[in-house]
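The residues making up each chain are set out below.
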Amino acid sequence: MVEEEQNVSFDGPGAVLVNLLTSLRHLPPAMLSSLIVMALSWLSWFPFFLFDTDWMGREVYHGDPKGNDSVAVKAYDAGVREGAFGLLLNSVVLGISSFLLEPMCQRMGARLVWAMSNFIVFACMAGTAIISLVSVNKYITEGIQHAIGENIEIKIASLVIFSLLGFPLSITYSVPFSITSDLTADTGSGQGLAIGVLNLAIVIPQMIVSLGAGPWDALFSGGNIPAFVLAPLFALAAGVTATLKLPNLSSGSFKSSGFHFG
């Protein structure tokens, strides 16, 4: 009876999570660095994923979805549509970049490619914070009657950032999993289980950002700027950690397995 109860407990819904957590003991030490870099990377990505179109509607177009003024509502809607177009450009760049990953990793090494992607995210997310501050400052100095709606220079700069982020995103969707597979190739715990543990470094940051971004923004009177200011700091930390802590892997170990979708 005791053995049957034990078997039932490990066959339940929580068995997968238990196996993932207990497998941490059997992973190579270098996997800890990979998990840290992955978590920091996604802490920088999720503010953009969650608020990108809202950012375009509020900070770039100065709209308000709950505004009493129909002009403000229309400006917000136009910003959201422009943000959706930016995501289209992002996806195009991501698809093209995916063909470049294998030769890049074979020439530079997967460690440097992953680190480079985080430094690019740092620059782009810092750019979103700067655009936000410039746009809001323009809103304040010129007055609401002149500032509602897009500024052409700010809109173009925003779309450029949307597009550029497609390149590091293609790296984030592929290279960390290749590195994890390479690190755990000779371990007894299995590569599949290691990938599952790596996914925890995506899910946990997503929960943190989803639950914490709203209260964090509310501390600074709302808007998306506070979350977008934190994002580049996490990206910079991820790039530095990847450069200093990830092991040097064989430049020929990366093998692309096709497209990866988030």
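Here the structure is a predicted model, which is why all the values come from computation and not from measurement.

Conventions adopted
- Starting from 1, residues in each chain are numbered consecutively following that chain's sequence as written.
- Local features in a predicted model are, by the rule used here, given only for residues with pLDDT of at least 70; side-chain atom pairs are given and counted only at 80 or more, and totals for whole chains, interfaces and linings are based on all residues.
- Computation of side-chain values: all heavy atoms of the structure, hydrogens and water removed.
- Only protein chains enter the accessibility calculation, which uses a 1.4 Å probe. A residue is then buried if its area is under 20% of the maximum for its type, exposed if over 50%, and partly exposed in between.
- Helix and strand assignments come from DSSP, with helices taken as H or I runs of at least 4 residues and strands as E runs of at least 2, each series counted from the N terminus.
- Note that the arc is computed from the directions linking the helix axis to the C-beta atoms.
- By the convention used here, residues are in contact when the closest approach between their heavy atoms is within 4.5 Å.
- Pairs were defined over the aromatic rings of Phe, Tyr and Trp, the Trp ring being its six-membered one, requiring ring centres within 6.5 Å. Orientation was assigned from the angle between planes: stacked under 30 degrees, edge-to-face over 60, tilted for the rest.
- Axis lines are fitted through C-alpha atoms, for helices just across the contact stretch, and the angle between N-to-C directions can take any value from 0 to 180 degrees.
- Here the word oblique covers every angle except those under 35 degrees (roughly parallel), over 145 (roughly antiparallel) and from 65 to 115 (roughly perpendicular).
- We call a crossing left-handed when the near helix sits turned anticlockwise from the far one by less than a right angle, and right-handed when that turn is clockwise.
- Gly falls in the polar group here, along with every residue not listed as nonpolar (Ala, Val, Leu, Ile, Met, Phe, Trp, Tyr, Cys, Pro) or charged (Asp, Glu, Lys, Arg).
- The quantity called pLDDT is the predictor's confidence in a given residue, expressed from 0 to 100.
- Throughout, nonpolar core names a set of buried Ala, Val, Leu, Ile, Met, Phe, Trp, Tyr and Cys residues whose side chains join them through atoms within 4.5 Å.

1. Thoughts on helix α5 (residues 101–108)
In step 1: For α5, the set of buried residues is L101, M104 and C105. Around the axis of α5, the buried residues are gathered within 95° of arc, so they sit on the same side.
In step 2: Looking one or two residues beyond α5, the residue adopting positive phi is G109, at roughly 95°.

2. Points about the side chain of T180
In step 1: Within the secondary structure, T180 sits in helix α10 (residues 175–183).
In step 2: For T180, a relative accessible area of 0% translates into the label buried.
In step 3: For T180, the residues in contact, after removing those within four places along its chain, are M31, S34, A194, I195 and L198.

3. Structural notes on the packing of aromatic side chains
In step 1: Summed over all chains, the structure comprises ten aromatic pairs.
In step 2: Here W42 and F46 contribute two aromatic rings whose centre-to-centre distance is 5.1 Å and whose plane-to-plane angle is 35°, an arrangement assigned as tilted. Of this pair, W42 and F46 both sit in helix α3 (residues 30–60), four residues apart, which is roughly one turn of that helix.
In step 3: The exposure class assigned to F46 is buried, which follows from its relative accessible area of 7%.
In step 4: Taken together, the ring pairs connect W42, W45, F46, F48, F49, W55, F162, Y173 and F228 into an aromatic cluster.

4. Some thoughts on the packing of α3 against helix α11 (residues 191–218)
In step 1: Running from N to C, α3 and α11 point in directions that differ by 40°, and their axes come no closer than 8 Å. For the element pair α3 / α11, the angle class is oblique. Judged by the twist between their axes, the crossing of α3 over α11 is right-handed. Counting all contacts with α3, which are made through M31, S34, L35, M38, A39, W42, L43, F46, P47, L50 and F51, the residues of α11 involved are A194, V197, L198, A201, I202, P205, Q206, I208, V209, S210 and A213.
In step 2: Here the contact of α3 with α11 is composed, by residue class, of 19 nonpolar, three polar and no charged.

5. A word on the confidence of the model for the protein chain
In step 1: Here the protein chain shows a mean pLDDT of 82. Residues at 70 or above account for 78%.
In step 2: Mean pLDDT across the elements of the protein chain ranges from a minimum in helix α1 (residues 2–10), with 41, to a maximum in helix α9 (residues 166–172), with 96.
In step 3: Within the model, the stretch residues 1–10 combines pLDDT values under 50 with two contacts to residues more than four positions away or in other chains.
In step 4: Throughout residues 257–262 the model reports pLDDT below 50, and contacts reaching past four residues in sequence, or to other chains, amount to seven contacts.

6. Remarks on the packing of α10 against α11
Packed helix pairs are specified by the crossing angle of their axes together with the interaxial distance, meaning the distance between the axes.
In step 1: Two elements in contact, α10 and α11, have axes separated by 9 Å at closest approach and are oriented at 140°. One element, α10, and the other, α11, form an angle in the oblique class. Between α10 and α11 lies a crossing of right-handed hand. Taking contact as the criterion, the partners of P176, F177, T180 and S181 in α10 are, on α11, Q191, A194, I195, L198, N199 and I202.

7. Concerning unusual backbone geometry
In step 1: One non-glycine residue, H62, adopts positive backbone phi at about 60°.
In step 2: Among the secondary structure elements, H62 is positioned in the loop between α3 and α4 (70–98).
In step 3: With relative accessibility at 10%, the residue H62 sits in the buried group.

8. Details of the nonpolar core
In step 1: Membership of the largest hydrophobic core comes to 55 residues, with the highest contact counts inside it found for L165 and V175.
In step 2: Put simply, the parts of the chain that give this core at least two residues each are α3, α5, α6 (110–142), α8 (152–164), α9, α10, α11 and α12 (225–245).
In step 3: Ranked by residues supplied to this core, first place goes to α3 with 14 residues.

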